[in-house]
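Now for the letters of each chain:
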Amino acid sequence: MHRLIQEIDDDPDNYHTYYDLGALLVNLKSYSQAEELMMKALGLFADKSRAAKDTLTYGLGNVYYAAGEFQKAIAQFNKVKDSKLKSDAYMMLAQSYMGNNDHKTALAFALTAAENHRQDPQVNQLIADNLLAVGSFKEAAQYYDKTLASDPKNGHAQFDRGIAAVVMGEDATEYFNQAKQLDPKYYQKGQSRLADIQGALTKKKTDQNSKDDQTNA
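In this report, we go over the structure that sits alongside the text. Quick caveat: nothing in here was measured; it's all calculated off a predicted structure.

Bringing the environment of Asp88 into the picture now. Structurally, the position occupied by Asp88 is in helix H6 (residues 83–99). On the basis of relative accessible area, Asp88 is assigned to the partly exposed category, the value being 31%. With 22 residues separating them in the primary sequence, Asp88 and Ala110 have C-alpha atoms 10.0 Å apart.

As structure tokens, then:
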């Protein structure tokens with residue numbers, strides 16, 4: 001941090017250093033300081049170049065996203081016009097809408113981001129997560145398979161691929177075994193979710209059998 005502050009003092013016209021310092025403050029969870037720095041940098045550089053304005057706007061969006069202020073993050077990411085940053089902004093818009101539990105909008109932005117990142121496992125996982133959330137299990141499974149083809153040690157994706165398998169009546173054992181080994185925290189966290197899904201499927205099957213018995217009677 002001291003080095004970056006010194007770099008700003010030595011070269012106050014370099015907006016990249018402000019962006020890097022803001023990112024470091026976010027990593028340290030100093031969100032109000034990061035916000036203040038980015039706002040100051042935008043005041044200094046926004047009128048000097050489009051690239052500076054977009055980079056710092058994107059940085060401010062990241063500050064709000066990390067702080068869980070998703071609506072504020074969305075407002076910033078929507079302002080980014082630079083073609084190089086645009087697909088990254090679409091990714092962050094998808095994640096921000098996902099943070100707001102608006103999975104349909106998140107999915108739309110994730111699919112747009114994928115147009116330039118078809119082989120990116122992070123993009124494919126984001127699409128899969130939102131497909132799973134809206135109940136498109138078959139499509140979610142396809143995107144988890146793409147994710148795992150590129151990133152087989154992704155325990156999060158292994159577990160959620162297992163969830164899709166359970167809903168579709170497939171054997172999910174291997175996915176869950178991999179998830180337990182690769183990401184035990186996420187595996188444990190997902191147990192109540194898995195139990196809820198299995199309970200709902202059992203109830204659905206019981207209700208269907210009862211209905212069939214009544215029809216046959």
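All right, on to the packing of aromatic side chains then. By the definition in use, this model includes 9 aromatic pairs. Pairing Phe159 with Tyr186 gives two aromatic rings, centres 5.8 Å apart and planes at 90 degrees, and the pair type is edge-to-face. With Phe159 in helix H10 (residues 155–167) and Tyr186 in helix H12 (residues 184–189), the pair connects residues that are 27 residues apart, well separated along the chain. The residues Phe159 and Tyr186 share a single accessibility class, namely buried. Ring-pair connections join several aromatic residues into one group, and the members of that group are Phe159, Phe176, Tyr186 and Tyr187. When the ring centre of Tyr143 is taken as reference, the NZ or CZ atom of Lys146 above it lies at 4.4 Å.

Backbone geometry at Lys29 places phi at a positive 65 degrees, although glycine is not the residue there. Its place among the elements puts Lys29 in the loop between helix H2 (15–27) and helix H3 (31–45). Unusually for a residue other than glycine, Asn101 sits at a positive phi of about 60 degrees. Along the polypeptide, Asn101 turns up in the loop between H6 and helix H7 (103–114).

Moving on: the packing of H6 against H7. Running from N to C, H6 and H7 cross one another at 160 degrees; their axes reach a closest spacing of 8 Å. Our classification of the angle between H6 and H7 gives roughly antiparallel. You can see that H6 and H7 cross each other, and the crossing is left-handed. Only His103, Thr105, Ala106, Phe109, Ala110, Thr112 and Ala113 of H7 make contact with H6, whose side of the interface consists of Ser87, Tyr90, Met91, Leu93, Ala94, Tyr97 and Met98. Residue composition of the contact of H6 with H7, grouped by class: 10 nonpolar, 4 polar and no charged.

As a further point, take the pattern of salt bridges. Scanning all chains against the criterion turns up 6 salt bridges. Across the pair Glu170 and Arg161 runs a salt bridge, and its minimum N-O distance is 3.5 Å.

Calculation notes
Residues numbered from 1 in each chain as written. Predicted model: local features only at pLDDT ≥ 70, side-chain atom pairs only at ≥ 80, totals over all residues. Heavy atoms only, no water. Helix = DSSP H or I, 4+ residues; strand = E, 2+ residues; numbered from the N terminus. Buried < 20%, exposed > 50% of the residue type's maximum accessible area, 1.4 Å probe, protein only. Phe/Tyr/Trp six-rings, centres within 6.5 Å; stacked < 30°, edge-to-face > 60°. Lys NZ or Arg CZ within 6 Å of the ring centre and 35° of its normal. Axes fitted to C-alpha atoms, helices over the stretch in contact; angles between N-to-C directions. Parallel < 35°, antiparallel > 145°, perpendicular 65-115°, else oblique. Left-handed = near helix turned anticlockwise from the far one by under 90°. Contact = heavy atoms within 4.5 Å. Nonpolar A, V, L, I, M, F, W, Y, C, P; charged D, E, K, R; others polar. Salt bridge = Lys/Arg side-chain N within 4 Å of Asp/Glu carboxyl O.

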